[in-house]
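# Secondary and tertiary structure notes
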Amino acid sequence: MCGRYVSVSSPTILAERFDVEEIRVEVTEPSYNVTPRADVPAVAQGRANGPRVLDLLRWGLVPSWAESLAIGDRQINARAERIRTANAYKRAFARRRCIMPADGFYEWQAITAATEGTSRAKKKIKQPWFFRRRDGEPLAFAGVWEIWHDPAQGDDAPRLRTSSIITTRANELVAPVHERMPVVLPESAWVEWLDRENHDVDTLHRLLVPAPVDELEAWPVTMLVNKPENNGPELVEPAPVLSTS
């Protein structure tokens, strides 16, 4: 899964990187610890045959039929294997796809580490790792988005746009840390992916594969990232791997 990521590139940089024609958000606060429920930059085609737009979406997809916003907390990630059939995602996959830019993402490696003292006791902990593109460019996470309003407030309720990151099996770089990773779309797939007129879900599904290993790099970081209130560049600084002896 992808439960935390980094988003520090400005709207101007993202617009240039993703050939955005309309910027609907002028300023975003850099975040080294993006958490669920955050408003995050996303690139989408606002309407069929319309311009490519950069806007903010709430992370955690809420289907249009949902009774409550709370369901979004369980739907920050959409598994590629089920996205064509799962009720929560299949409509969005066919009609509302987006790119969710990220400057890197975190995954946690479960390890058994030694505790302090002379008893040589062991405890299970999770070592955080940071992954990013080798060239430093923003990653293009494959995403889906939906529009929701609170049915209790009727048709006049405010509309909320929410999103989910699509995940797939891990590549050889990520696999030692975690079995899943975000789908990273190559630039050659962006037009096809964002096209609102493209409803060929079988062909689109073939894009949901692990990123090439040679495009990414990774290093261990400290447990500071475990706390959502920590949010600074120190979170992505390399750190020693936690001792297992």
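Right above here is the structure, for reference.
Here is a short report on the structure shown in this document. (Residues numbered from 1 in each chain as written. Predicted model: local features only at pLDDT ≥ 70, side-chain atom pairs only at ≥ 80, totals over all residues. Heavy atoms only, no water.)

## With respect to the overall build of the protein
Counting its regular elements, the protein contains four helices and 13 strands. Against the 2.2 N^0.38 benchmark of 18 Å for 245 residues, the protein shows a C-alpha radius of gyration of 19 Å, consistent with a compact globule. By principal-axis analysis of the C-alpha atoms, the protein measures approximately 65 × 40 × 35 Å. Out of the 245 residues in the protein, the part that is buried amounts to 51%. Partitioning the contacts of the protein with sequence separation of at least 6, the portion at a separation of at least 24 is 69%. Carbon and sulfur atoms form 48% of the exposed surface of the protein, whose accessible area is close to 12,300 Å². When the 31 positive and 34 negative side-chain charges of the protein are each reduced to one mean point, those points stand 7 Å apart. (Helix = DSSP H or I, 4+ residues; strand = E, 2+ residues; numbered from the N terminus. Rg over C-alpha atoms; globule rule 2.2 N^0.38 Å. Buried < 20%, exposed > 50% of the residue type's maximum accessible area, 1.4 Å probe, protein only. Contact = heavy atoms within 4.5 Å. Areas by Shrake-Rupley, 256 points an atom, 1.4 Å probe, with all protein chains shown as cover. Lys, Arg positive; Asp, Glu negative; His and termini not counted. Charge placed at Lys NZ, Arg CZ, Asp CG, Glu CD.)

## Details of the nonpolar core
In this structure, Ile99, Ile166, Leu185, Trp193 and Leu208 are the most contacted members of the largest nonpolar core, which totals 30 residues. Discounting residues that sit within four places of it in the chain, Leu185 has contacts with Ile99, Ala140, Ala142, Trp190, Trp193 and Leu207. Core analysis: the next-biggest nonpolar cluster, separate from the first, contains 26 residues, Ala44, Trp59, Phe105 and Ala211 among them. (Core = buried A, V, L, I, M, F, W, Y, C linked by side-chain atoms within 4.5 Å.)

## Let's talk about unusual backbone geometry
Note on backbone geometry: most residues besides glycine have negative phi, and most peptide bonds are trans. The phi dihedral of Asp19 falls on the positive side, at around 55°, and the residue is not glycine. Along the chain, Asp19 falls in the loop between helix H1 (11–17) and strand S2 (22–23). Despite not being glycine, Arg37 shows a phi value in the positive range, around 80°.

## A closer look at the side chain of Ser9
One can find Ser9 in the loop between strand S1 (5–7) and H1. Residue Ser9 is classed as buried on the basis of its relative accessible area of 10%. At 2.7 Å, the side chain of Ser9 and the side chain of Asp103 are in polar contact. Sequence-distant contacts of Ser9, that is, excluding residues within four places in its chain, are made with Leu14, Thr28, Asp103 and Pro138. (Polar contact = N/O pair within 3.5 Å; in protein donor to acceptor, adjacent residues only side chain to side chain.)

## Examining the state of the cysteines
Counted according to the given criterion, the structure contains zero disulfides. Cys98 carries a free sulfur, and the closest cysteine sulfur to it, the one in Cys2, is 13 Å from it. Cys98 sits in the buried class, given a relative accessible area of 0%. (Disulfide = S-S within 2.5 Å.)

## Quick notes on the packing of aromatic side chains
Taken as a whole, this structure holds nine aromatic pairs when the rule is applied. Ring plane angle 70° and centroid distance 5.1 Å describe the contact between Tyr5 and Trp59, whose orientation is recorded as edge-to-face. Here Tyr5 is found in strand S1, whereas its partner Trp59 is found in strand S5 (residues 52–59), with 54 residues between them in sequence. Here Tyr5 matches Trp59 in class, with each residue buried. Aromatic rings pair up to connect Tyr5, Trp59, Phe105, Phe131 and Phe141 into one cluster. Sitting over the ring of Trp145, Arg96 keeps its end group 5.1 Å from the ring centre. Sitting over the face of the ring of Trp193, Arg97 holds its NZ or CZ atom 5.7 Å from the ring centroid. (Phe/Tyr/Trp six-rings, centres within 6.5 Å; stacked < 30°, edge-to-face > 60°. Lys NZ or Arg CZ within 6 Å of the ring centre and 35° of its normal.)

## Let's talk about the side chain of Gln75
Checked against the element boundaries, Gln75 lands in the loop between S5 and strand S6 (77–79). Here Gln75 falls in the buried class, since its relative accessible area comes to 10%. Only 2.9 Å separates the side chain of Gln75 from the backbone oxygen of Leu61, close enough to count as a polar contact. Apart from the residues lying within four places of it in its own chain, the contact partners of Gln75 are Gly60, Leu61, Pro63, Ala88, Tyr89, Ser163 and Ser164.

## A short note on the pattern of salt bridges
Evaluation of the coordinates by the stated rule reveals eleven salt bridges. The shortest N-O distance in the salt bridge between Glu81 and Arg180 comes to 2.9 Å. Here Arg180 lies in strand S12 (residues 180–182) and Glu81 lies in the loop between S6 and helix H2 (90–95), a separation of 99 residues in the sequence. With a shortest N-O distance of 2.8 Å, Arg96 and Glu146 are connected by a salt bridge. One end of the pair, Arg96, is in the loop between H2 and strand S7 (97–102); the other, Glu146, is in strand S10 (residues 139–148), and 50 residues separate them in sequence. For Glu146, a relative accessible area of 2% gives the class buried. (Salt bridge = Lys/Arg side-chain N within 4 Å of Asp/Glu carboxyl O.)

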